Amino acid sequence: MRLLKVATCNLNQWAMDFDTNLKNIKESILRAKQAGAVIRLGPELEITGYGCEDHFLELDTVSHAWECLKDILLGDWTDSILCCFGMPVIKGSERYNCQIFCMNRKIIMIRPKMWLANDGNYRELRWFTTWKQQNQLVDFQLPRNISEAVLQEQVPFGYGFIQLLDTAVAAEVCEELFTPVPPHTELALNGVEVFMNASGSHHQLRKLDLRMRAFIGATHTRGGVYMYSNHQGCDGGRLYYDGCCCVVVNGDVVAQGSQFSLKDVEVAVAVVDLDAVSSLRGSISSFQEQASCKTKVASVKVPYKLCKSFNLQEAVSYPFQIKYHVPEEEIAYGPACWLWDYLRRSGASGFLLPLSGGADSSSVAAIVGCMCQLVAKEIANGEEQVKADAIRIGKYADGKFPTDSKEFAKRIFYTVFMGTENSSEATTSRAKVLADEIGAWHINLSIDSVISALLSLFQTLTGKCPRYKIDGGSNAENLGLQNIQARIRMVVAFMLASLMPWVHNKSGFYLVLGSSNVDEALRGYLTKYDCSSADINPIGSISKTDLRSFLRWAADHLGYPSLAEIEAAPPTAELEPIRSNYSQLDEVDMGMTYEELSVYGRLRKIFRCGPVSMFQNLCLKWGSKLTPAEIAEKVKHFFKYYSINRHKMTVLTPSYHAESYSPEDNRFDLRQFLYNSRWPFQFRRIDELVSEANGDKVPLADSSNLNAVPGSVDQVGGMGVAAAGSGNPSSGI
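Residues numbered from 1 in each chain as written. Predicted model: local features only at pLDDT ≥ 70, side-chain atom pairs only at ≥ 80, totals over all residues. Heavy atoms only, no water.

**Comments concerning a nonpolar patch on the surface**
Quick reminder of the rule: Each patch is built from salt-bridge-free residues with over 30% relative accessible area, joining like charges within 9 Å and nonpolar side chains (Val, Leu, Ile, Met, Phe, Trp, Tyr) within 5 Å. Each accessible area value is a Shrake-Rupley result obtained with a 1.4 Å probe; residue values ignore everything except the protein chains displayed when judging cover. Within this document, salt bridges are pairs made up of a side-chain nitrogen of Lys or Arg and a carboxyl oxygen of Asp or Glu, the two lying within 4 Å of each other. Here a strand is any run of E in DSSP of at least two residues, a helix any run of H or I of at least four, and the numbering for each starts at the N terminus.
Taken together, the side chains of Met1, Phe310, Leu312 and Val316 make up a nonpolar region of the molecular surface, amounting to roughly 440 Å² of accessible area. Position of phenylalanine 310 among the secondary structure elements: in the loop between strand E16 (299–301) and helix H9 (327–346).

What follows is the structure in structure tokens.
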């Protein structure tokens, strides 16, 4: 046996906070060494933080990273342990995203990333270039201050691996694993047994399985030890990096860290038998044949042994079942951890939430309640950093600290119900009951007097008084009256957030939480600068369908039973008068259901459909129930209001990213915000297709059974990949 003890980690880094990042790195090395590990892997760009974005263009960022690395190398941190650190490096005129291998206070090799993530939320090509000189290592002249400190002039730089006396190790950086021809393929043929993947991978609902299957696939058919390290937490932006550091051996997971946590440092350690890798590779004839004619990859020889021989005192790590969270748990824990990071790093004293008693704002309230539960739990488990942050934020004194989540919520969480004459008793009551279940400080107020004052001002100015549609008013009057209520709520929310701490003799300010969901943003079903305008929004990239499932789950698992009643209530904005023959409903106002919105969203973003291709795919998906003419009207209705309201995305509150069809305009979904909302060319083409399809008739049989293979399970036939995928929440991952 060749026994190798390895350590990988989740680190909660903060972009540009070099002190915090260096502290976490050192703590992870210390824990790895205490566990007896001889290899330590950290996340991608861990020294600077992954989310520095355009700060990577500053020379200061690169020089500060070198200073931090020098600090590590001058201490005993790398003594007898091979460490891999992520940081930006400038070579000549190019800036690279690099992994730096260090051991015994020396730099062994610098490995630049060859394939950069540059889609979705990632823009690495904006800041870095790819290393294109494959299959060779070149000399890199170290910066003068580093060279003098570590007594090294030059180090190998490029694509290659480290050949030790008893094994070979190499880096495969994040995106490289997911390329058509990943580096680990030829590295394995060159005898590399340990692959070290430093990553900056963010959370998205239902995404973890894809990542884990990639690690398993990388080693299942070609053997190897795959180490994976990731950031964990909010490092300064919309993304939550969801950890899950792990070690995989020959396709079996033998170590796995948490996906969601309030901890700053988490280290996963595994003891692996490298002879198991050699044995598997030797048993695969095709592997042997391809290895015999491989393309040679450059290497750096290190005269050092890492492995130990068979020892009964050192048990080999055993395979276990991967830990996955259900989507409802992901919605609870991911945004809760993101909120905690934002709260403790922003300098705020708590959160304020306009709580309407509806599904969306109640979901946000439940997530804050979950955050408070996690804080109390981690303090009880002895997490000193969480305890220190909670004492500071909650203004505890005399040695006191949070022990009860409801008591902690009372200190840091305000909810406010801003009622009008259009509000119902049911929503008023539901908001109060939920706030009490969570422990929040709840305020119930009426804003009718403020609305009346504004309408009086308008009447004095114009001589006219607008009326609701139900009372005979025009659409313009009706919308204007609704928007007044919505925007007053935003102003009152920010006023309370800034002044309520003062009222209660506390220092600081509160962050206002938004509560619009991804479907409403896609449709534009929100008032610009209303309560959707907040400091941050934990559910802005979560669908209504997923939120309703979360509410049902949270009623039982978080201990907030009133959420069940809230979920069962029909969604309503309560901005129009309630009459015996009329009650405002969201889906009626929008002219489409939330389920339909999710389908439109996936087709538009994930499957890149314009109006015409969306119509064609929906004919295949809905053709057994709707005529082409009816489908055409639905598609036109969606694109009309999507394009009219696209401008609202330019001021959308920064939201936790969780959904692959998010319309967030900042970086994820880059499109114009001034459209010809009539879409004349596209809609004319749809009309032609309707005419050709004899549009008043239903042309298809039940598309769920069309072309089904006898005996098949969950067969979706007749509608193609895009149409079928438009109803799948896992599409686009």
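After presenting the structure, the write-up continues.
**Thoughts on helix H2 (residues 59–74)**
Condition: Helix span, expected: 1.5 Å multiplied by one less than the number of residues in the helix. Using a 1.4 Å probe on the protein chains alone, a residue whose accessible area is under 20% of its type maximum counts as buried, one over 50% counts as exposed, and one in between counts as partly exposed. What the arc measures is the spread of directions leading from the helix axis to the C-beta atoms. By the convention used here, residues are in contact when the closest approach between their heavy atoms is within 4.5 Å.
Look at H2: 23 Å from first C-alpha to last across 16 residues, which is about the 22 Å you get at 1.5 Å a residue. Every buried residue belonging to H2 is among Thr61, Val62, Ala65, Trp66, Cys68, Leu69, Ile72 and Leu73, and all of these are buried. Looking straight down H2, one finds its buried side chains confined to an arc of 160 degrees; they lie on one side. Along its buried surface, H2 packs onto helix H1 (18–34), strand E3 (82–91), strand E4 (94–103), strand E5 (106–112), strand E6 (137–141) and helix H4 (144–150).

**Let's talk about the pattern of salt bridges**
Scanning all chains against the criterion turns up 34 salt bridges. Here aspartate 389 ties to arginine 392 by a salt bridge, and the two come within 3.3 Å at their closest N and O atoms. Of this pair, aspartate 389 and arginine 392 both sit in helix H11 (residues 384–394), three residues apart, which is roughly one turn of that helix. Accessibility expressed as a relative area gives 40% for arginine 392, which makes it partly exposed. The network of salt bridges with common partners includes Asp264, Asp341, Arg344, Asp389 and Arg392.

**Structural notes on unusual backbone geometry**
Here methionine 16, not a glycine, exhibits a phi torsion of approximately 75 degrees, which is positive. In this structure, methionine 16 sits in the loop between strand E1 (3–11) and H1. Positive phi is not limited to glycine here, since cysteine 244 has a value of about 65 degrees. Take cysteine 244: it is sitting in the loop between strand E12 (241–242) and strand E13 (246–249).

**Description of the environment of serine 730**
Relative to the elements of secondary structure, serine 730 occurs in the segment after helix H24 (720–725). Between the C-alpha atom of serine 730 and that of arginine 206, which follows or precedes it by 524 residues, the distance is 6.1 Å.

**Overview of the sheet that holds strand E20 (residues 510–512)**
Definition in use: Here a strand pair is declared whenever DSSP counts at least two bridges between the two strands. Axis geometry follows a simple rule: fit a line to the C-alpha atoms, using only the stretch in contact for helices, then measure angles between N-to-C directions, giving values from 0 to 180 degrees.
Across the sheet, four strands lie side by side as E19-E18-E17-E20; this open sheet has parallel pairing. Every interior strand has two partners, whereas the edge strands, strand E19 (441–446) and E20, have only one. Averaged over all pairs of adjacent strands, the angle between their axes in this sheet comes to 25 degrees, without regard to strand direction. Alignment of strand E18 (residues 413–419) against E19, held across six bridges, turns out to be parallel. Of the residues in E19, the one forming a bridge with glycine 419 is serine 446. Strands in contact with helix H12 (residues 405–412) are strand E17 (350–354), E18, E19 and E20; relative to E18, the strand with the most contacts, it is inclined by about 65 degrees. The strands touched by helix H13 (residues 425–438) are E18 and E19; relative to E18, the strand with the most contacts, the crossing angle is about 175 degrees.

**Points about the confidence of the model for the protein chain**
The line we're drawing: Per residue, pLDDT measures the predictor's confidence, with a range of 0 to 100.
This prediction gives the protein chain a mean pLDDT of 93; 96% of its residues lie at or above 70. Below a pLDDT of 50 lies the segment residues 703–717, which in the model reaches 14 contacts outside its immediate sequence neighbourhood of four places, other chains included.

**Comments concerning the packing of helix H21 (residues 611–622) against helix H22 (residues 628–644)**
For clarity, the cut-off: Orientation categories follow fixed angle ranges, with anything under 35 degrees roughly parallel, anything over 145 roughly antiparallel, 65 to 115 roughly perpendicular, and all other angles oblique. Each crossing gets its handedness from the near helix: less than a right angle anticlockwise from the far helix is left-handed, clockwise is right-handed. When residues are grouped by polarity, Ala, Val, Leu, Ile, Met, Phe, Trp, Tyr, Cys and Pro land in nonpolar, Asp, Glu, Lys and Arg in charged, and all others, Gly among them, in polar.
Relative orientation of the contacting elements H21 and H22 amounts to 135 degrees, with a least axis distance of 9 Å. Taken together, H21 and H22 sit at an angle that is classed as oblique. Two packed elements cross with a definite hand, and for H21 against H22 that hand is right-handed. Packed against H21, whose contacting residues are Pro611, Met614, Phe615, Leu618, Cys619 and Trp622, the element H22 presents Pro628, Ile631, Ala632, Lys634, Val635, Phe638 and Phe639 at the interface. Of the residues contributing to the contact of H21 with H22, the split by class is 12 nonpolar, no polar and one charged.

**Quick word on the packing of aromatic side chains**
Formally: Any Phe, Tyr or Trp ring, taking Trp's six-membered ring, that has another such ring centre within 6.5 Å forms a pair; planes under 30 degrees apart are called stacked, those over 60 apart edge-to-face, and the others tilted. Consider the ring centre and the ring normal. A charge sits over the ring if Lys NZ or Arg CZ is within 6 Å of that centre and within 35 degrees of that normal.
The full count for this structure, using the stated rule, is 29 aromatic pairs. Ring pairs connect the aromatic residues Tyr600, Trp622, Phe638, Phe639, Tyr642, Tyr675 and Trp679, which therefore count as one cluster. Over the aromatic face of phenylalanine 157 sits the side chain of lysine 91, whose NZ or CZ is 5.9 Å from the ring centroid. Sitting over the ring of phenylalanine 401, lysine 387 keeps its end group 4.0 Å from the ring centre.

**With respect to the state of the cysteines**
Where we set the bar: Two cysteine sulfurs form a disulfide in these notes if their separation is within 2.5 Å.
Enumeration over the complete set of coordinates arrives at zero disulfides. Lacking any disulfide linkage, cysteine 52 is separated from the closest cysteine sulfur, that of cysteine 68, by 11 Å. Lacking any disulfide linkage, cysteine 370 is separated from the closest cysteine sulfur, that of cysteine 337, by 7.5 Å. Looking at cysteine 370, the relative accessible area reads 1%, which means it is buried.

**Quick word on the nonpolar core**
What counts is decided by this rule: In this description, a nonpolar core means a group of buried Ala, Val, Leu, Ile, Met, Phe, Trp, Tyr and Cys residues linked to one another through side-chain atoms lying within 4.5 Å.
Counting residues in hydrophobic clusters, the biggest one holds 63 residues, and the most contacted among them are Trp66, Leu69 and Ile107. Per element, the largest residue contribution to this core is seven residues, and it comes from H2. Not counting residues within four places of it along the chain, the set of residues in contact with tryptophan 66 comprises Met87, Val89, Ile100, Ile107, Ile110, Phe140, Leu142, Pro143 and Ile146. Residues Ala348, Ile412, Leu511 and Ala658 belong to the second largest nonpolar core, which totals 60 residues.

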